Amino acid sequence: MTLIDINRTKQYTIAVSPAKNRAYLKIIGFWRGPDVVPDYIKDWTKAVSQLKKGFTLLTDASEMKTHPATVRSLHEEAQSILLKAGVSKVAEIIKDDVAEMQLDAVAKTTQFPKRTFKAQSEAEVWLDAK
């Protein structure tokens with residue numbers, strides 16, 4: 001499977017697989033504010049432009065630390081872009097219970113169609129099932 005990198009920063013990686021019609025997000029560490037990820041929204045706009053309606057998303061938040069409230073609105077904006085572009089299913093890999101509660105709260109606000117997994121292999125199998 002060929003992944004096209006949209007952007008790799010110290011805080012996140014966004015990549016897409018047009019063949020699988022899937023986006024991949026890895027959230028890394030603590031984002032103290034939106035200023036540490038200035039291209040995040042622009043990167044998502046670029047990513048969804050390379051996918052077709054009905055695409056899936058695999059988010060690896062296993063290395064994410066809880067984000068402050070100022071970053072929450074950034075995640076909501078990104079989810080809004082994904083929803084408008086036609087995301088159909090979202091799998092999240094989370095190891096930290098506090099981070100999971102935070103991401104669940106954002107997803108509830110935006111009506112994001114996601115499920116949480118502990119392992120990437122399980123998440124991929126669920127996303128691959130139509």
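Summary of the structure given here. (Residues numbered from 1 in each chain as written. Predicted model: local features only at pLDDT ≥ 70, side-chain atom pairs only at ≥ 80, totals over all residues. Heavy atoms only, no water.)

**Structural notes on the overall build of the protein chain**
- Scanning the protein chain from terminus to terminus reveals four helices and six strands.
- Taken from N to C terminus, the helices and strands of the protein chain fall in the order β-β-β-α-β-α-β-α-β-α.
- Against the compact-globule benchmark of 14 Å for 130 residues, the protein chain has a radius of gyration of 13 Å, which places it among compact chains.
- For the C-alpha atoms alone, the extent of the protein chain along its principal axes is close to 35 × 30 × 25 Å.
- Scored against the burial criterion, the 130 residues of the protein chain give a buried share of 49%.
- The contacts of the protein chain with a sequence gap of at least 6 include a subset with a gap of at least 24, amounting to 72%.
- As presented, the protein chain carries roughly 6600 Å² of accessible surface, and 57% of it is formed by carbon and sulfur atoms.
- Positive and negative charge centroids in the protein chain, built from 20 and 16 side chains respectively, lie 4 Å apart. (Helix = DSSP H or I, 4+ residues; strand = E, 2+ residues; numbered from the N terminus. Rg over C-alpha atoms; globule rule 2.2 N^0.38 Å. Buried < 20%, exposed > 50% of the residue type's maximum accessible area, 1.4 Å probe, protein only. Contact = heavy atoms within 4.5 Å. Areas by Shrake-Rupley, 256 points an atom, 1.4 Å probe, with all protein chains shown as cover. Lys, Arg positive; Asp, Glu negative; His and termini not counted. Charge placed at Lys NZ, Arg CZ, Asp CG, Glu CD.)

**Side note on the packing of aromatic side chains**
- A full pass over the atoms with the stated rule returns five aromatic pairs.
- Judged by centre distance (5.1 Å) and plane angle (75 degrees), the rings of W31 and Y40 are edge-to-face. An identical accessibility class is assigned to W31 and Y40; each is buried.
- Positioned above the aromatic ring of W126, the side-chain terminus of K89 is 4.6 Å from the ring centre. (Phe/Tyr/Trp six-rings, centres within 6.5 Å; stacked < 30°, edge-to-face > 60°. Lys NZ or Arg CZ within 6 Å of the ring centre and 35° of its normal.)

**Focus: the packing of helix 1 (residues 40–48) against helix 2 (residues 69–85)**
- At a minimum axis distance of 10 Å, the contact between helix 1 and helix 2 shows a crossing angle of 15 degrees. Our classification of the angle between helix 1 and helix 2 gives roughly parallel. For the crossing formed where helix 1 meets helix 2, the hand is right-handed. Residue-level contacts link Y40, I41, W44, T45 and V48 of helix 1 to L74, H75, E77, A78, I81, L82 and A85 of helix 2. (Axes fitted to C-alpha atoms, helices over the stretch in contact; angles between N-to-C directions. Parallel < 35°, antiparallel > 145°, perpendicular 65-115°, else oblique. Left-handed = near helix turned anticlockwise from the far one by under 90°.)

**Some points on the pattern of salt bridges**
- Counted according to the given criterion, the structure contains 11 salt bridges.
- In this structure, the salt-bridge partner of R8 is D5, at a minimum N-O distance of 2.6 Å.
- Note on D5: relative accessible area 38%, which makes it partly exposed.
- Each of the salt bridges in this network shares a partner with another, and the network as a whole consists of K20, R22, E124 and D128. (Salt bridge = Lys/Arg side-chain N within 4 Å of Asp/Glu carboxyl O.)

**A short note on the pairing of strand 4 (residues 56–64)**
- For strand 4, the tally of buried residues reaches seven of nine residues, placing the bulk of the element in the interior.
- By the bridge criterion, seven bridges tie strand 3 (residues 22–29) to strand 4 in an arrangement that is parallel. Bridge assignment links I28 to a residue of strand 4, and that residue is E63.
- Regarding topology, helix 1 serves as the crossover connection from strand 3 to the parallel strand 4, and that connection is right-handed.
- Where strand 4 and strand 5 (residues 89–93) come together, five bridges link them in parallel fashion. (Pairing = 2+ DSSP bridges. Right-handed = clockwise from strand over helix to strand, strands pointing away.)

By themselves these figures say nothing about function.
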